[in-house]
Every structure is written in structure tokens, then in C-alpha cells.
Protein chains: 2
Amino acid sequence: MKQDILGKLEELGYRVTPQRAMIVAAINHSDDHISAEEIYAQVRAKYPHVNISTVYRTLETLKEIGLVTETDMGEGRVRYHPAGKGHHHHLVCQECGATIDLDETVLSNLKDALRREYGFLADLRHLAIFGHCVKCKQ
Amino acid sequence: MKQDILGKLEELGYRVTPQRAMIVAAINHSDDHISAEEIYAQVRAKYPHVNISTVYRTLETLKEIGLVTETDMGEGRVRYHPAGKGHHHHLVCQECGATIDLDETVLSNLKDALRREYGFLADLRHLAIFGHCVKCKQ
DNA sequence: GCGGTTAATGCAAGTATTTGCAAATGCTAA
DNA sequence: TTAGCATTTGCAAATACTTGCATTAACCGC
């Protein structure tokens, strides 16, 4: 089966409520990174009763379990991504807003160094690194 | 070169208002990392008229110029630090909340790699890296 | 010093997210 | 099937920060 988030939730003793099922579906069907507000809009279309705080609480739970990653790309709102769909990172230009996708491996040296030198297991699964792109560095 | 934030502001054509002077003083006098609310409280003690939005706007300006760094240590509020007081980073344990200070050099390899491979000039001056510390990794 | 201009401030309303609490509901055991 | 109970939800209020706009006040030239 694919990255079965709902199955994992159930397995861990969380309740699989219709709200959670729809929130998870919204995250899975978004190829892109999706915001809480976008998830809320999608779920509400089918089930107008949901509350935005349920969306946030579900996202919090999924983050804790490690099933979704959360990234602040500097838009004033955070975006979510299913962890099972592959890890990557983003370079975000603070000048022009351009984003460059980065392979996970770019940070593996850092991760190893932190584990080796500090015994620290860094969660570097979906990072946004700010700075200036080729065009914008003066 | 001393870290004369106000002088730098003036030099760049920004107006040196009493509000800005007091906000900068609060940041400079804090040995620790200071939050917007803490700055606001300190400034208001001397000058009750200030508004919290002035604090946020001043911090935004100082960030843009590169005179202060902003770091989200996962407390639900962001902390500020004068950039002139030396660069460092933090490892933050998501389990127990412990923070480990990190020297700037730990990230210099990464910074070089990003510049070499992507032409991207990363602003890695005060980062918080989340994960699990020695005691908390299962 | 004195006014003009323009940046900076205060205020109030808005946005994104979090939290406390009572009511609803999924799951377990009988 | 249903009662029991803990988890989850909805709601409303709180928090951290941002923004639009009218007013104020730095700082420049005179």
C-alpha cells in the first residue's frame, strides 16, 4: 500500500474520525505543499461543519508522529507536506521570493556532524533556508 | 568595528527616533535573546506611549539591514539578537526542550556548498535546528 | 530657528494559529 | 447493542504578529 497515514494513525491508537480522514486526504491529494487554510477550504466543501482548529490540531498530531512535515517558507503562513512523499528542502530568496528545491542529501553531512559531535538527532526533513539567490546577491 | 546600531541606521538614512533608540537599547542590553513583548515592556516602562507595532516594525527594519537576527526556538514567539554580538546557532530538543548552543562554524560547510552548487548566499546567522537530544532519542 | 517633505508612529482592525472548556462521538468491554 | 469513558471536536476567546491609514515628528534646506 502507499503511505497509509490513516492506517498508521489507527495502529497507534488514534481515532480515525471523518474529519481526520478528510484532512489527510487533502494533504495526500495535494502534490504541492498545502496550507492549513487550503486544507480547511477543501474539507469544508464536503463537510461544512468542520472547524479550523480541528485542522490545526490534526496537523499537530500528524507532525508529532512524523507523518507530515511543516515548513515556514516565509509567507506568513506555514505549509504542510506528507513525509512519505520524499524529503527535500527549499532555498528561499529574501529579495525576489524565488525558491530553489534542494535534495535531501545536501544536509546529510550536517546531520551526521550533529549526531557525531553533539549526539543530537536533527529533524532535517523539510527545511527552508533563507538568503539571496544568484540574481539578487549584490 | 563596534556594533553601533543607531549610528548605522542614521548612516543609511533612517531616522533615529526615541522609540528606535529605546528599542535598540533594549536589544543591546539583553545578554540573552529577547522577545518583542519583552522589548515592548522595557521600552514602555520609560516611554508609556509606544505601540507594539512600532516595536515589530523596528525589528523588521533591523532584520532587513542585517543588524539583528531573528530566531524561532519553537516557543510560539520569536526571539531577537544583535547580529554584532557574534553568530551562533541552537539545537532544540522537541522532547525535553533543552537547547544546545552551537558554534557558527558548524554550518560553514553547508553555506559553502550552497554557494558553490547553487550560487545561493544563505543567511545562516542564527538558526534553530529541531530534533532530539542524547537523552531523548529513543 | 522655521517650515516642508516624507518617513515613522499610533491606532484599530485583520490574519494565522493556539488554547480552555463543554458537548459530541469513537471504541472497548460487557 | 449498549453503557462507559476517554478522545476528539466545535466554539469562542486569546496570542503573536501584520497592515492600512491618518496623524505626528525627524531632518533637510533655508
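Going by the structure above, here's the rest.
K.L.:
Any chance you could explain the relation of the copies chain B and chain A here in plain terms?
P.N.:
One copy of the chain maps onto the second through a rotation about an axis and a displacement along it. Mapping chain B onto chain A leaves a residual RMSD of 0.1 Å; the transformation is a rotation of 180° accompanied by 0.0 Å of translation along its axis. With respect to symmetry, the two chain copies, as superposed, fit the operation of a two-fold axis. Relative to the rotation axis, the closest C-alpha in chain B is found at B:Leu110, a distance of 3.6 Å. When you check the interface residues of chain B against chain A, 100% turn up at the interface there too, and the contact is symmetric in its surfaces.

K.L.:
Would you explain the protein's contact with DNA strand D in this entry?
P.N.:
The full set close to DNA strand D counts 20 residues, and A:Thr17, A:Gln19, A:Arg20, A:Thr54 and B:Tyr56 are the nearest of them. At 3.1 Å, a backbone N or O of A:Asn51 approaches a phosphate oxygen of DNA strand D. Secondary-structure elements contributing two or more residues to the surface near DNA strand D are helix H2 (18-29) and helix H4 (52-65) of chain A together with helix H4 (52-65) of chain B. Split by residue class, the surface near DNA strand D holds six nonpolar, eight polar and six charged.

K.L.:
How do you make sense of the protein's contact with DNA strand C when you look at a structure like this?
P.N.:
Looking at DNA strand C, there are 19 residues lining it, with A:Tyr56, B:Thr17, B:Gln19, B:Arg20 and B:Thr54 nearest. Among the atoms of DNA strand C close to the protein, meaning within 4 Å, 63% are from sugar or phosphate groups. Within the side chain of B:Ser53, one N or O atom sits 3.3 Å away from a base nitrogen of DNA strand C. If you list the elements that add at least two residues to the surface near DNA strand C, you get H4 of chain A together with helix H2 (18-29) and H4 of chain B. Tallied by class, the residues present in the surface near DNA strand C amount to five nonpolar, eight polar and six charged.

K.L.:
When you look at the interface of chain B and chain A in this model, what are you seeing that I'm missing?
P.N.:
The parts lose accessible area when they come together, and the size of an interface is often stated as this lost area. Counting from both sides, the interface comprises 27 residues of chain B and, opposite them, 27 residues of chain A. Approximately 2100 Å² of surface area, both sides summed, lies buried where chain B meets chain A, with 72% of it carried by carbon and sulfur atoms. Contact with chain A buries surface across chain B, with B:Tyr118, B:Phe120 and B:Leu121 losing the most and accounting together for 28% of the total. At the boundary of chain B with chain A, the tally comes to zero salt bridges. Applying the counting criterion to the chain B and chain A interface returns eight residue pairs in polar contact (both at pLDDT 80 or more). Contributions of two or more residues to the side of chain B that touches chain A are made by strand S4 (88-93), strand S5 (99-103), helix H5 (108-118), strand S6 (121-122) and strand S7 (128-132) of chain B. Taken together, the residues that form the side of chain B that touches chain A break down as 18 nonpolar, four polar and five charged. The pairing of strand S7 (residues 128-132) of chain A with S6(B) spans two bridges and is classified as antiparallel. Bridge pairing in S6(B) places A:Gly131 opposite B:Ala122.

Conventions we followed
- Residues numbered from 1 in each chain as written.
- Chains lettered and ligands numbered in written order.
- Predicted model: local features only at pLDDT ≥ 70, side-chain atom pairs only at ≥ 80, totals over all residues.
- Heavy atoms only, no water.
- Least-squares fit on C-alpha atoms with pLDDT ≥ 70 in both.
- Contact = heavy atoms within 4.5 Å.
- Near = heavy atom within 4 Å.
- Polar contact = N/O pair within 3.5 Å; in protein donor to acceptor, adjacent residues only side chain to side chain.
- Helix = DSSP H or I, 4+ residues; strand = E, 2+ residues; numbered from the N terminus.
- Nonpolar A, V, L, I, M, F, W, Y, C, P; charged D, E, K, R; others polar.
- Buried area = accessible area lost by both parts, 1.4 Å probe.
- Salt bridge = Lys/Arg side-chain N within 4 Å of Asp/Glu carboxyl O.
- Pairing = 2+ DSSP bridges.

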